[in-house]
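Descriptive structure summary
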Amino acid sequence: MSIKQNLEKILLTIPQNVSLIAVSKTKPVSSILEAYHAGHRIFGENKAQELADKYELLPKDINWHFIGHLQTNKVKYIIPFVHLIHSVDSTKLLVFINKEAVKQNRCIDCLLQFYIATEESKFGFDYKEATDLLVSAEYKAMKNIRIVGVMGMATYTENEKLIEKEFSQLITYFNQLKQSFFADKPYFKEISMGMSGDYKIAIEKGSTMVRIGSSIFGERSSVYKADI
Ligand SMILES: *Cc1c(COP(=O)(O)O)cnc(C)c1O
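Quick notes on the rules
Residues numbered from 1 in each chain as written. Predicted model: local features only at pLDDT ≥ 70, side-chain atom pairs only at ≥ 80, totals over all residues. Heavy atoms only, no water. Core = buried A, V, L, I, M, F, W, Y, C linked by side-chain atoms within 4.5 Å. Buried < 20%, exposed > 50% of the residue type's maximum accessible area, 1.4 Å probe, protein only. Helix = DSSP H or I, 4+ residues; strand = E, 2+ residues; numbered from the N terminus. Contact = heavy atoms within 4.5 Å. Near = heavy atom within 4 Å. Polar contact = N/O pair within 3.5 Å; in protein donor to acceptor, adjacent residues only side chain to side chain. Areas by Shrake-Rupley, 256 points an atom, 1.4 Å probe, with all protein chains shown as cover. Nonpolar A, V, L, I, M, F, W, Y, C, P; charged D, E, K, R; others polar.

1. Brief notes about the nonpolar core
With 65 residues, the main nonpolar core has I85, I97 and F114 as its most contacted residues. No other element matches helix α8 (residues 160-181), which puts seven residues into this core. If sequence neighbours within four positions are ignored, F114 has contacts with F123, G124, F125, D126, Y127, A130, V150, M151, G152, L170, Y173 and L177. Ranked by size, the runner-up nonpolar core spans five residues in total, among them L111, V148, M151 and M209.

See below:
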């Protein structure tokens, strides 16, 4: 099936109130344009340099989401245009994002990434680290970032019960943070969870944003090669 057909098929399974982030990492500009011409405007990338390169080459009405681990020295490449950073996984990174946003006179929407999987070496906060951040004077002084919700990745497994449990954990974190820190902040409303293999479970559990790559664009090659 074509990218357009994949996209249309997936959109039929996603409720209106859930956003579809088409994850185009490693995929050429021509594939992104195919989705763009089918009407899609929200894309996700996980490497800062690749994202900045694609931004230059593609129409400017695309909403670009950053979804991967972001190194602090790469933050500056995406701050001029990024729509939402899903993957804030440390206080240090948030400090850098704010600093660069000040320089470039923008306010950057961010999600706090939580560690919910049973796998080793996944990035993200645990609940205590997140609350430590949110009560800190350092956080309160950051004027050029806005935390609009949470993000998480479930374990890569066939075990649906485990995936459900992990997504439920993220929902619990979201609700607790909402109550404790964002009760009067209507913009704190996003729960980014769900990928090609588990997005239906994520939506059942309350996801507001699903990040889908291979089901739209096909299997990935390992690296991005510029096609123009
Ligand atoms: C690659 C990636 C996705 C999309 O994965 P698929 O299984 O191809 O849908 C979603 N979220 C993050 C953080 C990713 O890195």
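Now, onward.
2. Notes on the environment of Y127
Topologically, Y127 is positioned in helix α6 (residues 127-135). When residues no more than four places from it in sequence are discounted, the contact partners of Y127 are F114, Y173, Q176, L177 and S180.

3. Side note on the site of the ligand
Inspection of the region around the ligand gives V23, K25, I67, M151, M153, M195, S196, R211, I212, G213, S214 and R220 as its neighbouring residues. K25 is positioned with one of its side-chain polar atoms (N or O) 2.6 Å from an oxygen atom of the ligand. A distance of 2.7 Å separates an oxygen atom of the ligand from a polar side-chain atom of R220. Calculation on the ligand without its partners gives an accessible area of 390 Å², and the protein chains cover 91% of this total. A per-class count over the shell around the ligand returns six nonpolar, three polar and three charged.

Nothing here speaks to function; it is all geometry.
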